[in-house]
Amino acid sequence: MLGYSGYTEHSDYYIAPHDTWESAFEFLKQLACESGDDEFCIGELHKGAVLKLKQVEWYKWNEDKGEWVEYDHR
């Protein structure tokens, strides 16, 4: 595993790997807010023939709660 990474809803690329899940989560929250997105995913970044996220979790901004909440992004 290279670290924790993810991307915002309308992004075409992963963020650089972070050593901790918490660090990547905080960065993705900030990036989503600054880019006007209301959802992002985060997971473990693994290197193979291509970079791949595993153990992916999706988060969406919940206006009623005023916080990011995990949801099923199927």
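Residues numbered from 1 in each chain as written. Predicted model: local features only at pLDDT ≥ 70, side-chain atom pairs only at ≥ 80, totals over all residues. Heavy atoms only, no water.

Moving on, we get to the sheet that holds strand 3 (residues 51-62). One open sheet holds the four strands; their spatial order is 1-2-3-4, and the pairing between them is antiparallel. Strands at the two margins of the open sheet, each flanked by one partner only, are strand 1 (3-8) and strand 4 (67-71). Neighbouring strand axes in the sheet, compared pairwise and without regard to direction, differ in orientation by 35 degrees on average. (Pairing = 2+ DSSP bridges. Helix = DSSP H or I, 4+ residues; strand = E, 2+ residues; numbered from the N terminus. Axes fitted to C-alpha atoms, helices over the stretch in contact; angles between N-to-C directions.)

Attention now goes to the pattern of salt bridges. Scanning the entire structure with this criterion turns up three salt bridges. Lys29 is the salt-bridge partner of Glu26, the closest N and O atoms lying 3.0 Å from each other. Pair noted here: Glu26 and Lys29 are both in helix 1 (residues 21-35), with a separation of three residues, about one helical turn. When its relative accessible area of 21% is taken as the criterion, Lys29 is described as partly exposed. (Salt bridge = Lys/Arg side-chain N within 4 Å of Asp/Glu carboxyl O. Buried < 20%, exposed > 50% of the residue type's maximum accessible area, 1.4 Å probe, protein only.)

Next up on the list: the pairing of strand 2 (residues 39-47). Bridge count between strand 1 and strand 2: six bridges; the pairing is antiparallel. Bridging across to strand 2, Gly6 finds its partner in Ile42. Relative to strand 3, strand 2 runs antiparallel, the two sharing eight bridges. Bridge pairing links Phe40 to Tyr59 in strand 3.

At Gln55, a position not held by glycine, the phi torsion is positive, near 55 degrees. In this structure Gln55 comes out as exposed when scored by relative accessible area, which is 62%.

Another point: the environment of Lys60. Structurally, Lys60 is set in strand 3. C-alpha of Lys60 to C-alpha of His73: the two residues are 13 residues apart in sequence and 9.5 Å apart in space. Contact partners of Lys60, with chain neighbours within four places excluded, come to Asp38, Glu39, Glu67, Trp68, Val69 and Tyr71. (Contact = heavy atoms within 4.5 Å.)

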